[in-house]
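# Residue-level structure breakdown
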Amino acid sequence: LAPILLHFLYSTATPYTTLPSVLLLGPPGAGKTALTTLFERGPLDLPLAKTHTSQVPSSIELSINSDDPSSASYKTNLDEAGATAKKFLLVDTPGHPKLRASSLAHLNSAEPTIKSSLVSDGGAKSKIKAVVFMVDAAALADGDALPSTAEYLYDVLLTLQKRFHSRNGSRAPASMPVLVAANKLDLFTALPAALVKSNLEAELGRIRAARSKGLLDSGVGQDDLAAGEEGDWLGGDGSEKFSFAQMMEFDVDVDVIGGSVTGDGPGAEKWWKWIGERV
Ligand code: GDP
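Residues numbered from 1 in each chain as written. Predicted model: local features only at pLDDT ≥ 70, side-chain atom pairs only at ≥ 80, totals over all residues. Heavy atoms only, no water.

## Here's the deal with the confidence of the model for the chain
Note the following rule: On a scale of 0 to 100, pLDDT captures the predictor's confidence in every residue. Contacts are residue-level and defined by heavy atoms, with any inter-residue pair within 4.5 Å sufficient.
In the predicted model, the chain carries a mean pLDDT of 79, and the fraction of residues at 70 or more is 69%. Taken together, the stretch residues 11-16 has pLDDT below 50 and engages in three contacts with residues farther than four places along the chain or on a different chain. Scored as a complex, the prediction yields pTM 0.84 and ipTM 0.99.

## With respect to the site of the ligand
Just so we agree on the cut-off: Nearness of a residue to a molecule or strand requires only that one of the residue's heavy atoms be within 4 Å of it. By the criterion applied in these results, polar contacts are pairs of N or O atoms within 3.5 Å in which, for protein atoms, one can donate a hydrogen and the other can accept it, and in which residues neighboring in sequence qualify only through two side-chain atoms. Surface accessibility in these figures is a Shrake-Rupley result with a 1.4 Å probe; residues are shielded only by whichever protein chains are displayed. Counting from the N terminus, the helices are DSSP H or I runs at least four residues long and the strands are E runs at least two residues long.
Neighbouring residues of the ligand: 17 residues in total, closest Gly-29, Lys-32, Thr-33, Asp-186 and Val-261. A distance of 2.8 Å is found between an oxygen atom of the ligand and a side-chain nitrogen or oxygen belonging to Lys-32. Taken by itself the ligand offers 580 Å² of open surface, and the protein chains cover 77% of this. Considering every element that reaches the shell around the ligand, the biggest residue donor is helix H2 (residues 32-41), with three residues.

## Structural notes on the packing of aromatic side chains
Put simply, the rule is: Two rings from Phe, Tyr or Trp (for Trp, the six-membered ring) form a pair when their centres are within 6.5 Å of each other. A pair whose planes differ by under 30 degrees is stacked, one over 60 is edge-to-face, and the rest are tilted. Partly exposed describes any residue whose relative accessible area lies between the buried limit of under 20% and the exposed limit of over 50%, with all areas from a 1.4 Å probe on protein chains only and scaled to the type maximum. Only when the NZ atom of a Lys or the CZ atom of an Arg is both within 6 Å of the ring centre and within 35 degrees of the ring normal do we say a charge sits over the ring.
One pass over the full model with this rule turns up four aromatic pairs. Considering the side-chain rings of Phe-88 and Trp-272, the 5.9 Å spacing of their centres and the 45° angle between planes classify their relative orientation as tilted. Separated by 184 residues along the polypeptide, Phe-88 in strand S3 (residues 85-92) and Trp-272 in helix H9 (residues 269-276) bring together distant segments of the chain. With respect to class, Phe-88 is no different from Trp-272; both count as buried. An aromatic cluster is defined as three or more aromatic residues linked by ring pairs; in this entry it consists of Phe-39, Phe-88 and Trp-272. Positioned above the aromatic ring of Tyr-152, the side-chain terminus of Arg-100 is 3.9 Å from the ring centre.

## Description of the nonpolar core
The line we're drawing: Nine residue types can take part in a nonpolar core, namely buried Ala, Val, Leu, Ile, Met, Phe, Trp, Tyr and Cys, and a core is a set of them joined through side-chain atoms within 4.5 Å.
Membership of the largest hydrophobic core comes to 45 residues, with the highest contact counts inside it found for Leu-107, Leu-157, Val-196 and Phe-244. Broken down by secondary-structure element, the contributors of at least two residues to this core are strand S1 (21-25), S3, strand S5 (126-136), helix H5 (137-141), helix H6 (146-165), strand S6 (176-183), helix H7 (193-217) and strand S7 (252-258). In terms of residue count, the dominant contributor to this core is H6 (ten residues). Excluding residues within four positions of it along the chain, Leu-107 makes contact with Leu-23, Leu-25, Pro-112, Ile-128, Val-131, Val-156, Thr-159, Leu-160 and Arg-163. Listed in part, the 25 residues of the second largest apolar core include Val-22, Val-132, Leu-179 and Trp-274.

## Here's the deal with the pattern of salt bridges
Note that side chains of opposite charge can pair when their charged atoms are close. Quick note on the threshold: Salt bridge criterion: a side-chain nitrogen from Lys or Arg within 4 Å of a carboxyl oxygen from Asp or Glu.
Across all of its chains, the model carries eight salt bridges by this definition. Taking the shortest distance from any N to any O, the salt bridge between Lys-184 and Asp-136 comes out at 2.9 Å. Of this pair, Lys-184 sits in the loop between S6 and H7 while Asp-136 is found in strand S5, placing the two residues 48 residues apart along the sequence. Take Asp-136: its relative accessible area is 15%, and that puts it in the buried class. A salt bridge links Glu-277 to Arg-278; its shortest N-O distance comes to 3.7 Å. Take Glu-277: its relative accessible area is 46%, and that puts it in the partly exposed class. Salt bridges sharing partners connect three or more residues here, namely Glu-151, Asp-155 and Arg-211.

If you want it as structure tokens, here you go:
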């Protein structure tokens, strides 16, 4: 009996430390805290938790139906449904510009990991399987928020791209899916996801041009830039226009999907499914 019991104990005890993570990034006010609360509690009829003002990432543990993530809903009570649950951590990061560097530092290695507040074992880290970059599609509509949102996204994507170059040996870094979650689509002033995508791509292209001009002015040669190896040139080729598809060369797969956390909008199901397929 003892071996059977031991086997049972081993197979059911999943230590926290092995859970994968999904990193939640984005500018302040985008709705990161609201989303975290929604996924944790289900549909929101309660007042939202206060925005995340702490200086460290906070995480929640979530479960998704691993039998069929595409049909899963964060509204389903998995225990009642009798489904096999796949667990992961959603790690909410502070969006304040001064604290971004520490959020980005987690992505800066071939196998990105994070030590979250839920990882109880001192030394262990959780593997980052995907990044959700949340934006406020209503704020993007009036243009003011576009430059600062795109700056942050540029740094996220560039960090993931550089990770590709800084790999050790021949082993390619793990591919990293990125979801740009266009939030607040319940507001009629919000940009639809397709426009969020094209506006961000255009702005990222402008930032890329401005940064490479800065490098040229500082004496870095055109050849160095064209080589695209290091530096701040986002995306592989030297093409004029930036598109998210250019990130595929670095195994960074970007999707832009619209949704809403509150109000009468499309909801958050599509984001939940996207996450479920990647953890
Ligand atoms: P964070 O700074 O990214 O964590 O943003 P919060 O989660 O604190 O959200 C900022 C504000 O946006 C709050 O007042 C939320 O109630 C509001 N908000 C979040 N999601 C939505 C949404 O889908 N629609 C609307 N209309 N407001 C939202």
